[in-house]
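Below, each chain spelled out in residue letters.
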Amino acid sequence: MPTCLNCQQPIVEDAHFCHHCGAKVVRERLTLWGFFAQLGQTVFNTDSSVWRTLGHLCYAPGRVCRSYIEGVRKRYLRPVSYLFFVAGLYGLTILLSDGEIRYFHEDFALGFTSYDDATGLSEEERAKQLRPLALTFILLSIPILSLISRLVYRRAGFNLAEHLVINAYYMGQLLFLNLVLNFAKVLFPALEEHAVFYYLFMIVFLGYVWVLQVPTFQLRGIWTVISPMLFLLIMLFMLGLFYGLGAELLLSGAG
């Protein structure tokens, strides 16, 4: 009698699914067509947790964060998986756009450096020097944000791991929203020339903190203003040090 390759329990000869663990019984060898068919089904299925997570993080991020923390696992994509999914989309668009699209952390880090004279590199050349460490910068930002949010929202009752979940979703969605704005910049170059893009990004970057944190931490009254503002001030200071120091070390080595 054949056994399930996932749980090693015996299964019926012509079974399509294991009645012990529910895994699909795969008898055919994996083909290139099958690989891309599975990929397409996962990504473009309207019931996919990828699109549900992305959509809900746009208009109900508190529901996503609290649901995942409270034990809902099937409905939404795991926070780190979502972050890597969006980062993968971002990396693909960077390749296809030939550098027209940049990670938001590049502009943020460059704002704390002044290496035009020291290295002879233009702003775009400095951005390209930072690009290989894009995902590293983003991933290392999450623990920093989590420590800050735990400090600011220590009375909310979340532990550090739960703050990591919240900020992984936050950083992933911030990356996605920045991707959308960058597409707008590519399609409408005048946005950048008139500084509209900069203001749009700052509204998204700052405003999304309120959109996510107020429902996630169930803030009420004056704390809906004070707590997110305190978080933002500490975050900008700490990430400024982190990105600025990282950019300095990398660019000074390149120079």
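You'll find the structure just up there.
Report follows, based on the coordinates. Not measured: the values here are computed from a predicted model.

**Some words on the overall build of the chain**
Looking only at helices and strands, the chain features 12 helices and zero strands. Ordered by position from N to C terminus, the α and β elements of the chain give α-α-α-α-α-α-α-α-α-α-α-α. Evaluated residue by residue, the chain yields a buried proportion of 42% over its 255 residues. The long-range fraction of contacts in the chain, counting pairs at least 24 apart against all pairs at least 6 apart in sequence, stands at 60%. In the structure as shown, the chain presents an accessible area of about 14,800 Å², 63% of it carried by carbon and sulfur atoms.

**Here we look at unusual backbone geometry**
One can expect most non-glycine residues to show negative phi and most peptide bonds to be in trans. Notably, glutamine 218 is not glycine yet its phi reads approximately 50°, a positive angle. As for its placement among the helices and strands, glutamine 218 is situated in the loop between helix H11 (196–216) and helix H12 (223–254). With a relative accessible area of 47%, glutamine 218 lands in the partly exposed category.

**Some thoughts on helix H3 (residues 61–69)**
For H3, a buried count of seven out of nine residues is recorded, marking the element as mostly surrounded by other parts of the structure. Buried within H3 we find Pro61, Gly62, Val64, Cys65, Ser67, Tyr68 and Ile69. Glycine 71, located one to two residues past H3, shows a positive phi value of around 120°.

**Quick look at the nonpolar core**
Ranked by size, the top nonpolar core spans 46 residues in total, and within it Tyr82, Leu145, Ile166, Tyr169, Tyr170, Phe231 and Met235 carry the most contacts. Secondary-structure elements contributing two or more residues to this core are helix H2 (49–59), H3, helix H4 (79–97), helix H8 (134–152), helix H9 (160–187), H11 and H12. For this core, the element with the most residues is H9, which contributes 12 residues. In this structure, tyrosine 170 is in contact with Leu145, Phe205, Tyr208, Val209, Leu212 and Met235, ignoring residues within four places of it in sequence.

**A word on the packing of H2 against H3**
Relative orientation of the contacting elements H2 and H3 amounts to 120°, with a least axis distance of 5 Å. It follows from the interaxial angle that H2 and H3 lie oblique. Between H2 and H3, the residues in contact are His56, Leu57 and Tyr59 and Pro61, Arg63 and Val64, respectively.

**Some details on the packing of aromatic side chains**
Enumeration according to the criterion identifies six aromatic pairs in this entry. Where tyrosine 68 meets tyrosine 169, the ring centres are 6.1 Å apart and the plane angle is 85°; that geometry is what we call edge-to-face. Of this pair, tyrosine 68 sits in helix H3 while tyrosine 169 sits in helix H9, and the two are 101 residues apart along the sequence. A relative accessible area of 11% places tyrosine 68 in the buried class. An aromatic cluster is present here, built from Tyr68, Tyr82 and Tyr169 joined pairwise through their rings.

**Things to note about the layout of surface pockets**
Empty space within the second largest pocket amounts to approximately 340 Å³. With five residues, H12 is the single largest residue contributor to the lining of the second largest pocket. In terms of residue class, the lining of the second largest pocket is built from 10 nonpolar, one polar and two charged.

**Focus on a nonpolar patch on the surface**
On the surface, a nonpolar cluster with roughly 410 Å² of combined accessible area is contributed by Ile222, Trp223, Val225 and Ile226. As for its placement among the helices and strands, valine 225 is situated in helix H12. For valine 225, a relative accessible area of 47% corresponds to the partly exposed category.

**Remarks on the environment of tyrosine 90**
Within the secondary structure, tyrosine 90 is located in helix H4. Each C-alpha atom, one on tyrosine 90 and one on valine 180, is 9.9 Å from the other, the two residues being 90 residues apart in sequence.

**Description of the pattern of salt bridges**
In total, this model carries one salt bridge according to the counting rule given. We note a salt bridge from glutamate 70 to arginine 66, for which the minimum N-O separation is 3.7 Å.

What counts, and at which threshold
- Residues numbered from 1 in each chain as written.
- Predicted model: local features only at pLDDT ≥ 70, side-chain atom pairs only at ≥ 80, totals over all residues.
- Heavy atoms only, no water.
- Helix = DSSP H or I, 4+ residues; strand = E, 2+ residues; numbered from the N terminus.
- Buried < 20%, exposed > 50% of the residue type's maximum accessible area, 1.4 Å probe, protein only.
- Contact = heavy atoms within 4.5 Å.
- Areas by Shrake-Rupley, 256 points an atom, 1.4 Å probe, with all protein chains shown as cover.
- Core = buried A, V, L, I, M, F, W, Y, C linked by side-chain atoms within 4.5 Å.
- Axes fitted to C-alpha atoms, helices over the stretch in contact; angles between N-to-C directions.
- Parallel < 35°, antiparallel > 145°, perpendicular 65-115°, else oblique.
- Phe/Tyr/Trp six-rings, centres within 6.5 Å; stacked < 30°, edge-to-face > 60°.
- 1 Å grid on protein atoms, 1.4 Å probe; cavity = no way out; pocket = protein on both sides within 12 Å on 5 of 7 lines; lining within 4 Å.
- Points joined across faces, edges and corners; volume = space filled by probe spheres on them.
- Nonpolar A, V, L, I, M, F, W, Y, C, P; charged D, E, K, R; others polar.
- Patch = residues over 30% accessible without salt bridge, like charges linked within 9 Å, V, L, I, M, F, W, Y side chains within 5 Å.
- Salt bridge = Lys/Arg side-chain N within 4 Å of Asp/Glu carboxyl O.

By themselves these figures say nothing about function.
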